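# Observations on the model geometry
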Amino acid sequence: MLDVAVIEEPAAAEASLDPIRARILAALAEPGSAAMLATRLGLPRQKVNYHLKELERHRLVELAEERRKGNVTERVYRATAASYVISPSVLAAVSPDPARSPNQLSANWLLALGSRLVQEVGTLLTGAARARRRVATFGVDAQVRFASAADRTAFAEELAQAVATLVSRYHDESAPGGRSHRVVVGLHQIPSTARPCGEAEAGTEAPQAGGGGETGTPQAGTEAETEANQENPR
């Protein structure tokens, strides 16, 4: 079972968004048969069987084993992943495009960058799974509380300058066999639903950035395993 599977086909996305099928996917974190699921979810076995076949058709669940019980063969299924992410490529014609009106201060542009990130990393993961390889990645996650909007602006300017300096130092357009990587750094206030009670609501002059991690402490995660083969985009 994968930790995360990226859904890139519209039909599979539609199947996963059905409320009953979503419940079945969650329940199949542990393998189970239609009869077991019917008991767990309080649904008729026939209905569970129908939805299982649809989920299997879209490769969201897979056959784990077959058990013989008298004259009956019981099919036991499991989810193909612990969690799923729907790629923006599902709505390719209307997905946000970062190339359209780039603006470092635009929340819409930041969202478009995030959308592209999900799509590109999803493509890499899909190709790597087929090749039985892992994708080399690096992530930084930090949270910082600014005393004022001026401090937030100064932070953003210093961060942009630091990133530009690093990019210019290491970028080599002519390197033989070099692989292009994308660097995305986002800064956004944490929504009020994600903050403890009593903290400032969205729109006040007490913005926060990042998400997760200890306050003011960047956390970096690496997975410098063997990169996926050439079928993965560079």
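Here the structure is a predicted model, which is why all the values come from computation and not from measurement.

### Details of helix α5 (residues 107-131)
Because the α-helix completes a turn every 3.6 residues, residues three or four places apart line up on one side. Here α5 contains 25 residues, and its C-alpha end-to-end distance of 36 Å stays within 8% of the 36 Å for a straight helix at 1.5 Å per residue. Listing the buried residues of α5 in full gives Trp109, Ala112, Leu113, Ser115, Gly122, Gly127 and Ala128. The elements touched by buried residues of α5 are β1 (2-7).

### Topic: the sheet that holds strand β3 (residues 61-69)
The strand order across the open sheet formed by 3 strands is β2-β4-β3, and the pairing between neighbours is antiparallel. Because the sheet does not close on itself, it has two edges, and the strands there are β2 (32-33) and β3. Inspection of the sheet shows β2 paired to strand β4 (residues 72-79) by 2 bridges, in the antiparallel sense. Paired with Ser33 across the bridge in β4 is Val76.

### Considerations on unusual backbone geometry
Its identity as a non-glycine residue notwithstanding, Arg59 has a phi of 60°, on the positive side. Topologically, Arg59 is positioned in the loop between α4 (45-57) and β3. The backbone phi angle of Arg132 is positive, close to 55°, even though this residue is not glycine. On the basis of relative accessibility, which here comes to 78%, the residue Arg132 falls in the exposed class.

### Focus: the environment of Ala142
Mapped onto the elements of the fold, Ala142 is located in the loop between β6 (137-141) and β7 (143-145). Overall, the relative accessible area of 25% leaves Ala142 in the partly exposed class. Linking Ala142 and Leu187, residues 45 residues apart in sequence, is a C-alpha distance of 9.9 Å.

### Quick look at the environment of Ser95
Position of Ser95 relative to the elements: it lies in the loop between β5 (81-86) and α5. What makes Ser95 buried here is its relative accessible area of 16%. As for Ser95 and Ser115, which are separated by 20 residues in sequence, their C-alpha atoms are 7.8 Å apart.

### Things to note about the side chain of His51
Looking at the element boundaries, His51 is found in helix α4. Judged by relative accessible area, His51 falls into the buried class, the value being 8%. Among the polar contacts made by the side chain of His51, one reaches the side chain of Arg21 at a distance of 2.9 Å.

### Details of the pattern of salt bridges
Per the counting criterion, the structure on display carries 8 salt bridges. For Glu62, the salt bridge is made with Arg78, and the minimal N-O distance between the two is 2.9 Å. Of this pair, Glu62 sits in strand β3 while Arg78 sits in strand β4; the two residues are 16 residues apart in sequence, bridging distant segments of the chain. Its relative accessible area of 32% is what places Arg78 among the partly exposed residues. Members of the salt-bridge network, linked through shared partners, are Glu56, Glu66 and Arg75.

### Examining the packing of helix α3 (residues 34-41) against α4
Relative to each other, α3 and α4 sit at 115°, their axes nearing to 9 Å. Judged by the twist between their axes, the crossing of α3 over α4 is right-handed. Contact with α3, carried on its side by Ala34, Ala35, Leu37 and Ala38, involves Arg45, Val48, Asn49 and Leu52 of α4 and no other residues of that element. Its residues assigned to classes, the contact of α3 with α4 shows 6 nonpolar, 1 polar and 1 charged.

### Points about the nonpolar core
Counting residues in hydrophobic clusters, the biggest one holds 21 residues, and the most contacted among them are Ile24, Leu28, Leu37, Val48 and Leu52. Mapped onto this core, the elements with two or more residues apiece are α1 (10-17), α2 (19-27), α3, α4 and β4. Counting residues per element, this core draws most heavily on α3, at 4 residues. Val48 has contacts with Ile24, Ala34, Leu37, Ala38 and Leu43, leaving out every residue within four places of it along the chain.

### Digging into the environment of Ser89
Note that Ser89 resides in the loop between β5 and α5. According to the relative accessible area criterion, Ser89 is partly exposed, its value standing at 23%. Sequence separation between Ser89 and Val118 is 29 residues; the distance between their C-alpha atoms is 9.2 Å.

The rules behind each value
- Residues numbered from 1 in each chain as written.
- Predicted model: local features only at pLDDT ≥ 70, side-chain atom pairs only at ≥ 80, totals over all residues.
- Heavy atoms only, no water.
- Helix = DSSP H or I, 4+ residues; strand = E, 2+ residues; numbered from the N terminus.
- Expected span 1.5 Å × (residues − 1).
- Buried < 20%, exposed > 50% of the residue type's maximum accessible area, 1.4 Å probe, protein only.
- Contact = heavy atoms within 4.5 Å.
- Pairing = 2+ DSSP bridges.
- Polar contact = N/O pair within 3.5 Å; in protein donor to acceptor, adjacent residues only side chain to side chain.
- Salt bridge = Lys/Arg side-chain N within 4 Å of Asp/Glu carboxyl O.
- Axes fitted to C-alpha atoms, helices over the stretch in contact; angles between N-to-C directions.
- Left-handed = near helix turned anticlockwise from the far one by under 90°.
- Nonpolar A, V, L, I, M, F, W, Y, C, P; charged D, E, K, R; others polar.
- Core = buried A, V, L, I, M, F, W, Y, C linked by side-chain atoms within 4.5 Å.

These figures capture arrangement, not role.
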